[in-house]
Amino acid sequence: MSVVGFDIGNENCVIAVVKQRGIDVLLNDESKRETPSVICFGDKQRFLGSAGAASAMMHPKSTISQVKRLIGRKFAEPGVEKELRMLPVETSEGPDGGILIHLKYMKETHTFTPIQLMSMLFGHLKSITERDLETRVSECVIGIPSYFTDLQRRAYLDAAKIAGLKPLRLIHDCTATALSYGIYKTDFSGGGSDFYVAFIDIGHCDTQVCIAAFESGQMRILSHTYDGSLGGRDFDEVLFSYFAEKIKEHYSMDVYSNAKACIRLRAACEKLKKVLSANLEAPLNIECLMDEKDVKGFITREEFEKLALGLLEAISIPCNKALTDAGLTAEMISSVELVGSGSRIPAVARLLTSLFKREPSRKLNASECVARGCALMCAMLSPIYRVREYEVQDSIPFSIGLSSNEGPICAAGSNGVLFPEGQPIPSIKVITFQRTNLFHLEAFYSNQNELPLGTSHKISCFTIGPFHGSHDNKARVKVRVRLNLHGIVIIESATLIKDHMDDSVKKDDYHSNFDPMDIDSNSETAANGVEDSINKRVSPHGSADDTSTDKANRRLDVPVSENIYGGMTEAEIFEAREKEFQLAQQDRIVELTKDKKNSLESYVYEMRNKLFNTYRSFASDQERDDISRSLQETEEWLYEDGDDESELAYSSKLEDLKKLMDPIENRYKDDEGRAQATRDLLKCISEHHTFADSLPPQNKELIINECNKAEQWLKEKMQQQESFPKNADPILWSSDIKNKAEDLNLICQRIMRSRGSSIPEDNGEDKQDTSNHPR
């Protein structure tokens with residue numbers, strides 16, 4: 001079982017794995033610790049990760065990045081239009097209101113969903129991991145933003161499933177960061193009181209804040225807040241807009257009209273932001289940006305901070321809300337940990353110092369802490385690693401309600417909320433209904449203000465049944481609603497209960513074994529047909545539904561079906577897997593073709609050099625001319641008609657050249673091999689001569705005769721070979737000499753066995769030498 005953590009960033013991805021010596025961050029094909037979240041469609045294959053980023057300039061209109069911002073969202077959502085404008089590809093609205101991305105690939109227009117594109121990225125990270133670990137990878141833990149909705153979480157799971165991964169848990173980015181911080185920390189002060197830490201993650205596209213309480217052996221997330229549209233790229237965009245205006249003013253060039261120019265200017269602005277983090281001023285120089293014109297610019301850190309003043313002020317909003325939700329003041333925070341790719345701006349650190357009355361700490365690796373936390377969580381969930389006891393209590397940032405056909409299901413004073421904001425993950429609530437037959441339950445977000453702007457409040461619809469109750473009475477159906485490890489609401493089971501006792505006993509015993517919510521018998525909940533609601537949080541392996549009274553009841557499982565609003569069906573997932581398999585197969589074919597082409601090209605250059613140097617004396621003039629001409633023709637073919645051919649065509653050309661070169665290579669190799677084989681045979685003859693001295697006279701004479709015959713044969717053959725030219729096939733091959741040595745060994749052993757000779761017990765040297773005779 002693999003123990004892997006994936007941090008899928010908007011700009012870069014990081015892979016962390018648990019090994020015996022600790023946690024390692026894997027290197028990609030370019031030996032870098034971060035892999036770009038880029039997918040590029042070339043003419044015949046896809047380029048993923050680092051290869052995609054390198055190919056972006058060659059295929060700007062078929063390069064997709066920042067898929068994380070699109071997954072699980074609707075085309076008409078506010079903010080999505082801005083994201084799609086940043087993509088240089090054609091997009092449209094799908095039949096279900098989702099996003100469709102249209103790309104030219106293999107001379108056809110292909111349509112992909114963000115889930116399919118994310119699965120390609122997962123598949124690439126999976127292949128990097130498998131190559132490093134040299135084993136198959138499926139189980140993993142994946143980091144997600146805390147503000148991801150139920151649909152976005154399910155979209156991640158679907159994308160992972162298409163890629164052949166099996167996530168054990170989706171964990172919030174800040175929770176993973178807090179885990180990687182707290183599990184190694186032992187110096188929590190306060191003699192049993194909580195140690196509060198604020199984690200501020202300013203990523204490429206968002207800002208997430210959480211407050212965590214640490215004690216020895218456990219951590220609790222007290223609050224999650226966010227700004228889903230404020231990140232490092234927004235600071236890049238401030239510089240981009242500033243310099244685009246300057247270029248238009250001084251060079252009369254509209255950067256926005258040229259896709260390649262936009263890509264290059266954005267990349268330059270990102271580098272400029274990093275330079276300004278360490279320097280008070282920075283120049284901008286781009287060669288041939290547009291119309292073969294070079295552009296130059298200059299900006300100071302002070303000017304940059306003035307341009308980004310609105311962004312800096314916006315960072316304080318989720319920080320203040322996190323403190324309020326956690327019920328803490330800034331003075332109660334023991335430490336402020338600053339992470340994320342956008343956290344290195346000096347003005348951000350100054351703002352947080354002012355807000356929390358303390359300097360932010362940078363003890364964690366800003367880019368790798370999430371992946372490391374994910375890998376740790378995977379190890380904690382894995383049966384193959386022993387991790388010290390450490391409890392992680394995460395919470396959901398949204399309030400979730402459940403309604404039946406008649407209305408919301410709730411207890412008194414809960415305002416229709418089943419899982420309130422801050423509810424621990426995982427949690428279970430057991431609800432008992434009285435129904436006569438099939439009924440429906442709907443999960444929904446009960447507070448629209450907690451959600452990202454434009455998010456639908458609907459989550460999913462569950463159908464319980466069909467089942468049949470008694471003739472006159474309604475049947476009792478016990479439903480277990482789980483907020484699972486992924487932060488997704490599911491109905492785990494529904495059970496039909498047929499009682500064998502009177503109602504008064506049933507009700508008393510039922511309450512005596514559970515921690516019931518306070519339910520008013522005249523409340524809306526009771527009127528809607530809910531007999532009791534029980535709220536009991538359990539551990540991932542626990543149960544809240546076992547009572548002694550159940551032994552007197554007969555339980556029947558009731559079927560539960562689920563309809564996820566906007567989610568993928570099993571048939572759609574299967575179809576996406578098939579398409580991904582075909583794309584991956586095409587990539588492999590193209591890579592194999594490239595390898596064959598490169599092999600052919602390398603062979604041409606290598607053999608041309610050897611033909612007139614190393615192999616010169618082993619080839620006749622006619623052979624050299626013929627081979628040289630074939631090599632030249634092959635080289636010309638490679639750069640003309642053969643530039644874009646099939647793997648079979650390159651393999652065929654390579655075989656044809658090898659047929660011409662193999663005889664010459666064989667002569668050269670056999671010339672070296674013949675000298676070694678000759679030495680081995682002479683050594684063998686000498687050893688048998690020496691050994692024969694310890695044998696009876698008759699055996700000694702027979703062995704010496706055989707040795708003399710072999711030596712005479714070798715002498716005659718060598719004389720013939722020396723008179724033969726090197727550029728012709730030899731009359732004495734090294735294999736002939738090896739066979740002669742083998743025959744001599746067999747004959748000598750047969751002589752000793754047939755005469756009943758015993759091999760004297762020596763110090764082992766003769767035995768060792770005999771075993772080393774050439775075969």
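Residues numbered from 1 in each chain as written. Predicted model: local features only at pLDDT ≥ 70, side-chain atom pairs only at ≥ 80, totals over all residues. Heavy atoms only, no water.

- Looking at an unreviewed UniProt entry, one finds the chain named Heat shock 70 kDa protein 16, with Crotalaria pallida as its source organism.
- The Sequence similarities (unreviewed entry) field of the UniProt record for the chain holds the comment "Belongs to the heat shock protein 70 (TC 1.A.33) family. HSP110/SSE subfamily." (UniProt positions renumbered as here; feature names shortened; annotations may be inferred.)

Quick notes on the nonpolar core
1) Next: Residues I8, F122, Y156 and L441 are the most contacted members of the largest nonpolar core, which totals 80 residues.
2) Next: When residues in this core are grouped by element, the largest group, eight residues, is from helix 3 (residues 114-133).
3) Next: If near-sequence neighbours (up to four positions away) are discounted, F122 is found in contact with I8, I142, Y156, A159, A160, A163 and L165.
4) Next: Judged by nonpolar contacts, the second largest core, of 50 residues, contains M253, L323, I345 and V348. (Core = buried A, V, L, I, M, F, W, Y, C linked by side-chain atoms within 4.5 Å. Buried < 20%, exposed > 50% of the residue type's maximum accessible area, 1.4 Å probe, protein only. Helix = DSSP H or I, 4+ residues; strand = E, 2+ residues; numbered from the N terminus. Contact = heavy atoms within 4.5 Å.)

Regarding the pairing of strand 18 (residues 335-339)
1) Next: Counting buried residues in strand 18 gives five out of five residues, a clear majority hidden from the surface.
2) Next: What you see with strand 18 is no split at all: S335, E337 and V339 on one side and V336 and L338 on the other are buried throughout.
3) Next: In the sheet, strand 13 (residues 195-202) pairs with strand 18 via five bridges, with the strands oriented parallel. Considered in strand 18, the bridge of I200 is made with L338. (Pairing = 2+ DSSP bridges.)

Things to note about the sheet that holds strand 20 (residues 400-403)
1) Next: Strands sit in the order 21-20-24-25-30 across an open sheet of five strands; the sheet is antiparallel. On the outer flanks of this sheet lie strand 21 (408-409) and strand 30 (560-564), each paired with one strand and no other.
2) Next: The strands touched by helix 4 (residues 150-162) are strand 24 (439-445), strand 25 (458-464) and strand 30; relative to strand 30, the strand with the most contacts, the crossing angle is about 100°. (Axes fitted to C-alpha atoms, helices over the stretch in contact; angles between N-to-C directions.)

Examining the packing of helix 3 against helix 4
1) Next: Running from amino to carboxyl end, helix 3 crosses helix 4 at an angle of 55°, the nearest separation of the two axes being 8 Å. Here helix 3 is positioned oblique relative to helix 4, judged by the angle of their axes. When you trace helix 3 past helix 4, the crossing you get is right-handed. The segment helix 3 lies against helix 4, with I115, M118, S119 and F122 engaging A155, Y156, D158, A159, A160 and I162.
2) Next: Taken together, the residues of the contact of helix 3 with helix 4 sort by class into eight nonpolar, one polar and one charged. (Parallel < 35°, antiparallel > 145°, perpendicular 65-115°, else oblique. Left-handed = near helix turned anticlockwise from the far one by under 90°. Nonpolar A, V, L, I, M, F, W, Y, C, P; charged D, E, K, R; others polar.)

Remarks on the side chain of R154
1) Next: On the secondary structure map, R154 appears in helix 4.
2) Next: Within the structure, the side chain of R154 is placed 2.5 Å from the side chain of D150, a separation counted as a polar contact.
3) Next: Engagement of the side chain of R154 in a polar contact is seen with the side chain of E562, the distance being 2.9 Å.
4) Next: Apart from residues lying up to four places away in sequence, R154 is in contact with S460, I488, V489, I490, E562 and I564. (Polar contact = N/O pair within 3.5 Å; in protein donor to acceptor, adjacent residues only side chain to side chain.)

Let's talk about helix 9 (residues 309-326)
1) Next: End to end, helix 9 covers 27 Å across 18 residues, agreeing with the expected 26 Å (1.5 Å per residue, within 8%).
2) Next: The complete set of buried residues in helix 9 reads L312, A314, I315, S316, P318, C319, A322, L323 and A326.
3) Next: At its buried positions, helix 9 is contacted by strand 13, strand 14 (207-215), strand 15 (218-227), helix 6 (232-251), helix 8 (301-307) and helix 10 (346-356).
4) Next: Once helix 9 finishes, G327 follows within two positions and takes phi at roughly 70°, a positive value. (Expected span 1.5 Å × (residues − 1).)

A look at the environment of C374
1) Next: Inspection of the secondary structure assignment puts C374 in helix 11 (residues 369-381).
2) Next: Distance from C374 to R169, taken between C-alpha atoms, is 8.8 Å for residues 205 residues apart in sequence.
3) Next: Setting aside its immediate chain neighbours within four residues, C374 contacts V4, G5, F6, V141, I142, G143, I171 and A176.

Considerations on the packing of helix 6 against helix 7 (residues 259-278)
1) Next: Running from amino to carboxyl end, helix 6 crosses helix 7 at an angle of 120°, the nearest separation of the two axes being 9 Å. It follows that helix 6 is oblique to helix 7 by the angle criterion. Crossing geometry of helix 6 relative to helix 7 is assigned as right-handed. Judged by residue contacts, G232, F235, D236, E237, L239, F240, F243, A244 and I247 of helix 6 engage C262, L265, R266, C269, E270, L272 and K273 from helix 7.
2) Next: Each residue belonging to the contact of helix 6 with helix 7 can be placed in one class, and the counts come to 10 nonpolar, one polar and five charged.

Quick notes on the pattern of salt bridges
1) Next: Counting across every chain of the model gives 36 salt bridges.
2) Next: Residue D236 is joined to K273 by a salt bridge in which the shortest nitrogen-to-oxygen separation is 3.1 Å. Pair noted here: D236 is in helix 6 and K273 is in helix 7, with a separation of 37 residues, a long-range link. Assigned by exposure class, D236 and K273 land together as buried.
3) Next: Here the salt bridges share partners, and the residues they tie into one network are K19, D24 and D132. (Salt bridge = Lys/Arg side-chain N within 4 Å of Asp/Glu carboxyl O.)

Considering the pairing of strand 13
1) Next: With respect to burial, strand 13 is a largely interior element, eight of its eight residues being buried.
2) Next: Here strand 13 shows a buried face lined by F195, V197, F199 and D201 and a second buried face lined by Y196, A198, I200 and I202.
3) Next: Direction of pairing for strand 13 relative to strand 14: antiparallel, over a ladder of eight bridges. Bridged to I200 within strand 14 is V209.
4) Next: Between the end of strand 13 and the start of strand 14, which pair antiparallel, lie four residues.

Here's the deal with the environment of P420
1) Next: Topologically, P420 is positioned in the loop between strand 21 and strand 22 (424-425).
2) Next: Between the C-alpha atom of P420 and that of S446, which follows or precedes it by 26 residues, the distance is 8.8 Å.
3) Next: Ignoring any residue separated from it by four or fewer positions in sequence, one finds P420 in contact with I396, F398, S399 and K429.

A closer look at the packing of aromatic side chains
1) Next: Across all of its chains, the model carries 17 aromatic pairs by this definition.
2) Next: Relative to F199, the ring of Y181 lies with its centre 5.4 Å away and its plane at 80°, an arrangement referred to as edge-to-face. Of the two residues, Y181 is situated in helix 5 (residues 173-182) and F199 in strand 13; the sequence distance between them amounts to 18 residues. In this pair, the class of Y181 matches that of F199, namely buried.
3) Next: Pairing F398 with Y445 gives two aromatic rings, centres 5.6 Å apart and planes at 80°, and the pair type is edge-to-face. On the criterion of sequence distance, the pair formed by F398 in the loop between strand 19 (391-395) and strand 20 and Y445 in strand 24 is long-range, its members being 47 residues apart. For the pair F398 and Y445, one class covers both residues: buried.
4) Next: The rings of F122, Y147, F148, Y156 and Y226 are connected pair by pair, giving a single aromatic cluster.
5) Next: The side chain of R266 reaches across the aromatic face of F240, ending 4.1 Å from its centre.
6) Next: When the ring centre of W637 is taken as reference, the NZ or CZ atom of K653 above it lies at 4.9 Å. (Phe/Tyr/Trp six-rings, centres within 6.5 Å; stacked < 30°, edge-to-face > 60°. Lys NZ or Arg CZ within 6 Å of the ring centre and 35° of its normal.)

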